[in-house]
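Listed below, chain by chain, are the residues.
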Amino acid sequence: MPLNSAIRPGFPWGAEIQFVGEVFPLNATFRAQFRAQAAGPVLADVTTQITRLSDDSILVSLTPLQTAGLLVPMVFFDVVRTDVAPPDLLSAEFEVEVKRSITRL
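Just so we're clear, the structure is a prediction, and the values are computed from it rather than from any experiment.

Engineer: Can you walk me through the nonpolar core in this structure?
Structural biologist: What tends to happen in soluble globular proteins is that the nonpolar side chains get buried as a cluster. By size, the foremost hydrophobic cluster in this structure holds 26 residues, and its most contacted members are I7, W13, F19, F34, V60, L62 and F77. Here this core gets 4 residues from one element, more than from any other, and that element is strand β7 (residues 88–97). Apart from the residues lying within four places of it in its own chain, the contact partners of F34 are W13, P41, V42, L43, A44, V46, V60, L62, V75, F76 and F77.

Engineer: Quick question: what am I supposed to make of the sheet that holds strand β5 (residues 57–62) here?
Structural biologist: For sheets, the rule is that strands pair by backbone hydrogen bonds, running either parallel or antiparallel. Taken in spatial order, the 3 strands of this open sheet run β1-β5-β4, and their pairing is antiparallel. At either end of the open sheet lies a strand with only one pairing partner, and these are β1 (13–18) and β4 (50–54). Within the sheet, the average angular offset between the axes of one strand and its neighbour, ignoring direction, is 20°. As judged from the 6 bridges shared by β1 and β5, these two strands associate in the antiparallel manner. Following the sheet pairing, I17 is matched in β5 by I58.

Engineer: Please explain the pattern of salt bridges as it appears in this structure.
Structural biologist: Side-chain pairing between opposite charges can occur once the charged atoms of the two side chains come close. Counting across every chain of the model gives 3 salt bridges. Linking D55 and R52 is a salt bridge whose minimum nitrogen-to-oxygen distance equals 2.3 Å. Take D55: its relative accessible area is 33%, and that puts it in the partly exposed class. Here D83 makes a salt bridge to R81, at a shortest N to O gap of 2.7 Å.

The rules we used
- Residues numbered from 1 in each chain as written.
- Predicted model: local features only at pLDDT ≥ 70, side-chain atom pairs only at ≥ 80, totals over all residues.
- Heavy atoms only, no water.
- Core = buried A, V, L, I, M, F, W, Y, C linked by side-chain atoms within 4.5 Å.
- Buried < 20%, exposed > 50% of the residue type's maximum accessible area, 1.4 Å probe, protein only.
- Helix = DSSP H or I, 4+ residues; strand = E, 2+ residues; numbered from the N terminus.
- Contact = heavy atoms within 4.5 Å.
- Pairing = 2+ DSSP bridges.
- Axes fitted to C-alpha atoms, helices over the stretch in contact; angles between N-to-C directions.
- Salt bridge = Lys/Arg side-chain N within 4 Å of Asp/Glu carboxyl O.

Bear in mind that shape data such as this cannot, by itself, settle questions of function.
See below:
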């Protein structure tokens, strides 16, 4: 599922993700890994930057340091709930465009 918010390397990034139903209960924990390809190396690993907004939405964020390492045109990620056994993979994969600056100082 494409997200409309492009990542700019070296700048903070975040996107609100909304599902139908009570997917994000209070006190649940989550993890997301950003990759250029599903089987490729992890480019960013996110746990503490996933913020529950409500029962059906979260905010996934990357720090400027994490985005600075994204030197590919597109990244993919999904979200896994980690406080249950076995971990629960949410049923969506997201893709985000990475836009490099044209003007470089």
